[in-house]
Amino acid sequence: MEFDTSVIFVAKSFFLHILAGKIHTYGSYMPENCREKIVSEEYVDFLWKSSWNTKELEKLYPNVCIQVVNDFFAVFYVSMDFLNNSSRVEYEYDVFPSLYTIQENEALEASNIIRIQEQSILQLRGEGVIVGIIDTGIDYTNDCFRDQAGKTRIVEIWDQTLQTGQTPEGIGYGTVFTREEINQALESQDPYQVVPSRDELEHGTQIASIAAGSRNEASGWTGAAPLSDIAVVKLKPAKSYLKQYFAVKPDAIAFQENDIMLAVRYLHELALRMYKPLVICMSLGSNMGGHEGNSPLSAYLNTVGSRVGRCIVTAAGNEANQGHHFYGMLKQNESFQNVELRVEEGEYGLMMELWGSTPDVLSISMTSPTGEEIPRISSKNGNQRFSFLFERSVVYVDFQPLAARSGDQLIVIRMFTPASGIWRLQVHGTNVIIGCFNIWLPVAGFISEGTQFLNSNPDITLTAPANSEVPITVGAYKNENNSIYINSSRGYTRRGRIKPDIAAPGVEISAYAPGNRMATMTGTSASAAVTAGAAALMMEWGIVRGNRPAMETLEIKQLFIRGARRMASTLYPNRSWGYGMLDLYASFVALERF
């Protein structure tokens, strides 16, 4: 189904009025009924800069709701009716929050975490540290999230999908469930009458169990940080209008960037209230953006992760073998380069982001499988819509000559009901100096498995926010034979910064699923969970026990890199392994050299 773009045009005048405010605000503008508006499909979400006076906004737009994330970003919730009835100009692509999905597709001994848990002097198990999970929720009734007395180890759950209870302080939606309420539910014959939060998709439960599950004395199974506290954010699904705009199929698992950012804020403020260090496990990914780590979410993770007592771990993604990245090079004697894209039968839609390199100026033309052509167009032609005579395909081409936060050229191509077969995209260059360009399709789960570039490139496939500078980015490998997981996303970033940082076991990792069921998990989500648990043990040693009270993400990252196990036949760092395989024991040994 084609998206009705008339519904979602963003008035530039709206943001010009916003930026006219002169007083900085640190709070959130939350009039009555904002909770309903935030989650309503009748309100659109804009993620933009936060440096204005909310009182002035109230005069200009009485129905706007504003949720401040931090000093730099805020979310605006604006009625679609306002947009329809206002005088509009071209929308700004970068005000839309990106869409992320879960990175899904024995570990602790291979990473020497068990050795640290059982070492006679250290005996680190994450005690006094909060492990924060931002995902699909958690089965709080599971035995692996209880202590030896049967009480919960979960300090709080913020369920963004439920609107019946108390919201987090300073955040205007969702419901918070406390440790006391969870324990009350565990003692009840019907726990979900007391705490109705569930993990229907199971991903969050498995991640939490790998990172912080309690030891099972009968089987010997344990999570990486079995005595840590656990805090969970269950993300609400992305709104339909955003999935429609980005050509993501309606049944795809998708979450909004602004909701993830507010989840990070919530966990950070929870840790401040509890006076405890925090490790955040981020097993979410998106192919939207320039793959250089400067999205709003990445910027916020860099800020939080740089604070003392905070560590952020991100999954590299599972995109290396998906065929979703094309790397092109315009040569001096060629007027254009051909890019061939195979579209699977029945594809709902897809979006491509083409990123150039300053100072090159790019333009494009396109040919459909039936031979119909879109003539060469450039930013001078503006944003355009193309319908095809012999097929149902509709194509939108949006030019961003100076993309926000990078300054490079971005060309966004959105295709609705695209015809199956081979599409040919011609990329033309003007005044070419650098010559290279990159194109990314959406991540797996947002498009059909058979839709891919014919001449794809497995490098530069780290998903956002894995390309962020500060967080620890983790690839996945099979510990049975020390081979890299075939889908583990590869670096480096688009501008050549070294990522991933390390790799951890991520193939057929034992985990707990809802209902106390044992399961296995494969992908960089699992390797990120292993690493997050290892970071919690490091935080316990450094901050809780007072050995390095100023410990934060970068210091833990450097310790992991120093202790990483490296194969003699491989050069490091490299695009697949980063600096090598996680070895927590060797990281502690490295401390002795300081």
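Computed from a prediction, not measured in an experiment: that's the story for all the values here.

Here we take up the confidence of the model for the protein chain. When the pLDDT values of the protein chain are averaged, the result is 89; 90% of them are 70 or greater. Every residue in residues 3–27 is under pLDDT 50, and counting partners more than four places away or in other chains gives 70 contacts. Confidence drops under a pLDDT of 50 for residues 86–91, and excluding neighbours within four residues, the segment shows 18 contacts in the predicted structure.

Moving on: the pattern of salt bridges. This model, assessed by the stated rule, comprises 24 salt bridges. We note a salt bridge from R215 to E217, for which the minimum N-O separation is 3.5 Å. By relative accessible area, which is 57% here, E217 ends up exposed.

What follows concerns the side chain of T175. Locating T175 in the fold gives a position in strand β7 (residues 175–178). Only 3.4 Å separates the side chain of T175 from the side chain of R35, close enough to count as a polar contact. Apart from the residues within four sequence positions on either side, T175 is in contact with R35, I157, W158, D159, L162, Q163, T164, G165 and Q166.

Another point: the packing of helix α13 (residues 524–544) against helix α15 (residues 584–591). Put simply, α13 and α15 touch, their axes get as near as 11 Å, and they point 30° apart. The pairing of α13 with α15 is recorded here as roughly parallel in orientation. Relative to α15, the crossing made by α13 is right-handed. Taking contact as the criterion, the partners of A534, L537, M538 and W541 in α13 are, on α15, L584, S587, F588 and L591. The residue makeup of the contact of α13 with α15, split by class, is seven nonpolar, one polar and no charged.

With that out of the way, let us pick up the packing of aromatic side chains. For the structure shown, the criterion picks out 14 aromatic pairs. Ring centres of W158 and Y266 lie 5.3 Å apart, and the angle between their planes is 50°; this geometry places the pair in the tilted category. With W158 in strand β6 (residues 154–159) and Y266 in helix α11 (residues 257–274), this pair connects stretches of sequence that are 108 residues apart. The buried category is assigned to W158, whose relative accessible area is 0%. Each residue in the set F46, F96, Y245 and F246 is aromatic and connected to the rest through ring pairs, giving one cluster.

Cut-offs applied
- Residues numbered from 1 in each chain as written.
- Predicted model: local features only at pLDDT ≥ 70, side-chain atom pairs only at ≥ 80, totals over all residues.
- Heavy atoms only, no water.
- pLDDT = per-residue confidence, 0-100.
- Contact = heavy atoms within 4.5 Å.
- Salt bridge = Lys/Arg side-chain N within 4 Å of Asp/Glu carboxyl O.
- Buried < 20%, exposed > 50% of the residue type's maximum accessible area, 1.4 Å probe, protein only.
- Helix = DSSP H or I, 4+ residues; strand = E, 2+ residues; numbered from the N terminus.
- Polar contact = N/O pair within 3.5 Å; in protein donor to acceptor, adjacent residues only side chain to side chain.
- Axes fitted to C-alpha atoms, helices over the stretch in contact; angles between N-to-C directions.
- Parallel < 35°, antiparallel > 145°, perpendicular 65-115°, else oblique.
- Left-handed = near helix turned anticlockwise from the far one by under 90°.
- Nonpolar A, V, L, I, M, F, W, Y, C, P; charged D, E, K, R; others polar.
- Phe/Tyr/Trp six-rings, centres within 6.5 Å; stacked < 30°, edge-to-face > 60°.

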